[in-house]
Amino acid sequence: KMSHFQATNVRRFQQKAQVVTPDTIYWDRLGKPELLKEHSTIDYVDFSPSDPDNFVLTCSVRVQIYNLVTKLVVKNLSRFQKTAYGASFRQDGRLLAAGDEEGHVKLFDTTSRNILRLFKGHTAPVHRTFFTADKLQLASFADDKTVRLWDVANEKVVKTYEDAHTDYIRAGAMHPQASHLFISGGYDGKINVYDTRTEAAITSTLDHGSPVESMLFLPNGSIFITAGGTQVRVWDMISGCRLLTTMSQHHKTVTCLRLGSDGKRLFSGGLDRHVKIYDVSTYKTVHTMTYPNAVVSLGVAARDQAVVVGMVDGLVSIRRMVDDSKPSELKGIKFTHRRKQRMKQRVAPPNTTEQVDHVVRLGRKRLVQRIFDKHLRKFNYKEALDSVLIPIYIEKQPELVVALLNELLHRKGLQRALSNRTEETLIRFVQFLCTHIGEVRFMRVLLNAASSVLDVFESTTFAYSDNLVNALSELNKVMYAEIRLTTELLELKGALEMIIGGALDNNEAADTISYVQTNAAKMVPSKAAESYVVVVE
């Protein structure tokens with residue numbers, strides 16, 4: 001009674017090795033996601049500049065400040081009659097502004113949770129509010145197609161930009177250094193650039209091409225980035241707001257943008273459930289993170305200590321940077337095992353009773369595998385090796401050859417398969433080793449196969465032709481080249497680690513971000529703020 005024969009595993013050699021870059025190593029240090037669940041869409045996420053462990057979530061009628069470590073609510077700002085939008089901190093972390101469905105803009109003291117100012121004037125929901133660089137004024141972007149600039153101290157409107165857009169205004173950004181410059185983006189696909197010093201209300205109007213969902217400035221203020229549709233666009237403010245580049249890495253709407261790594265990396269989140277990370281020096285994607293649902297908001301802590309993502313179903317994912325994490329080979333094994341288990345559950349039971357319309361037969365690729373599996377079943381190792389050592393498989397599908405070699409090595413049958421061979425077959429085999437031994441996915445198997453070849457020559461005495469000697473000499477050169485390359489890479493790695501370690505030690509103090517709390521006069525709530533009452537229905 002024959003035991004069950006398991007077909008040779010070819011898939012493990014089909015996938016090429018993933019290119020490991022410094023970014024993949026760095027962002028893989030983000031720990032497993034810790035989840036929070038709110039009742040509705042997470043509209044906005046913002047980290048406190050003064051306390052990086054605190055971040056604010058805007059969801060439904062609540063604005064809540066969470067602690068990153070405990071995952072608990074530290075402050076609950078629930079003074080909203082209708083849905084709140086876009087709660088964001090001032091640069092010093094003392095104040096927090098948020099718009100709402102009523103068209104009001106509320107200014108909160110993050111310590112006492114009191115409403116300090118109530119800005120009224122918009123006739124439609126206000127989705128985004130941001131402070132100017134000097135912290136003295138506040139800009140609001142609303143669905144009534146207007147942008148308003150408010151004075152924080154006296155609760156007065158400084159300037160109103162009427163009909164700035166022809167559709168809802170859902171995005172805006174303030175210049176990080178110049179308090180007189182800011183931009184707005186609307187669902188009409190237009191981008192407006194404002195300068196409060198000029199007589200003209202709007203200095204430039206650009207076309208993004210899709211409804212603008214999010215926008216931001218790079219830290220130096222010379223470049224701003226807009227997101228809308230499936231595109232992220234980069235504009236140069238110095239050269240007349242010229243379009244520098246367009247990134248189309250998402251296949252659904254891009255909803256949010258954020259900066260990380262002290263402005264050296266750009267994050268974009270979209271409805272395709274992905275968060276893309278770009279290098280701002282090249283604007284190329286360096287890493288991708290996948291989430292269980294559509295991403296609508298995103299926050300990145302100082303020094304990349306955490307990435308918080310808000311999703312359309314109210315789920316909040318918190319991934320904190322783990323300093324002592326090390327790459328684990330078990331991670332891939334566990335994932336493969338889980339994937340196999342899920343695949344087994346998805347496979348339907350065999351249909352033995354119902355009539356079928358068509359019978360789908362296995363293609364040629366499956367038959368190729370069955371050829372050497374048939375020989376392996378009968379322990380005909382030489383015939384199995386001959387069935388794959390033909391030009392079409394050596395050139396087009398080397399993974400088939402390597403899969404068979406791996407199986408023969410496992411059975412301790414490769415030396416038997418190579419014994420008493422013609423010179424032509426041995427030369428073809430050695431040439432295959434020389435061609436593919438440098439590939440990471442094949443290297444371990446082919447090194448063991450090369451050792452078996454030498455064992456065959458050691459145990460057999462016969463005259464070597466010039467062609468066979470040349471093939472073995474080529475294998476010798478390839479092996480020495482691989483050893484030399486490995487040695488050079490290890491030396492380079494050691495040198496880079498010393499340079500990077502020294503640079504980090506020297507710049508650690510210089511890169512520290514600190515905010516000095518001045519003894520400014522404490523703001524007191526205005527009359528309008530004191531008299532505001534939330535009616536509970």
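Residues numbered from 1 in each chain as written. Predicted model: local features only at pLDDT ≥ 70, side-chain atom pairs only at ≥ 80, totals over all residues. Heavy atoms only, no water.

Examining the pattern of salt bridges
Consideration 1: Taken as a whole, this structure holds 14 salt bridges when the rule is applied.
Consideration 2: Because the salt bridges share partners, they merge into one network encompassing Asp23, Arg265 and Asp279. (Salt bridge = Lys/Arg side-chain N within 4 Å of Asp/Glu carboxyl O.)

Here's the deal with the packing of aromatic side chains
Consideration 1: Inspection of the entire model under this criterion finds 15 aromatic pairs.
Consideration 2: Here Trp27 and Phe267 contribute two aromatic rings whose centre-to-centre distance is 5.3 Å and whose plane-to-plane angle is 90 degrees, an arrangement assigned as edge-to-face. Here the residue Trp27 occupies a position in helix α2 (residues 22-27), and Phe267 occupies one in strand β23 (residues 265-270), the gap between them amounting to 240 residues. Note on accessibility: Trp27 and Phe267 belong to one class, buried.
Consideration 3: With a centroid separation of 6.4 Å and 65 degrees between ring planes, the pair formed by Tyr44 and Phe130 is classed as edge-to-face. One end of the pair, Tyr44, is in strand β2 (residues 42-47); the other, Phe130, is in strand β10 (residues 126-131), with 86 residues separating them in the sequence.
Consideration 4: In this structure an aromatic cluster arises from ring pairing among Tyr44, Phe130, Phe141, Tyr161, Phe182 and Tyr194.
Consideration 5: The ring centre of Tyr187 lies 5.1 Å from the NZ or CZ of Arg170, which sits over that ring. (Phe/Tyr/Trp six-rings, centres within 6.5 Å; stacked < 30°, edge-to-face > 60°. Helix = DSSP H or I, 4+ residues; strand = E, 2+ residues; numbered from the N terminus. Buried < 20%, exposed > 50% of the residue type's maximum accessible area, 1.4 Å probe, protein only. Lys NZ or Arg CZ within 6 Å of the ring centre and 35° of its normal.)

Here we look at the environment of Asp151
Consideration 1: One can find Asp151 in strand β12 (residues 147-151).
Consideration 2: In contact with Asp151, other than residues within four places in its own chain, are Phe119, Leu136, Gln137, Lys156 and Val158. (Contact = heavy atoms within 4.5 Å.)

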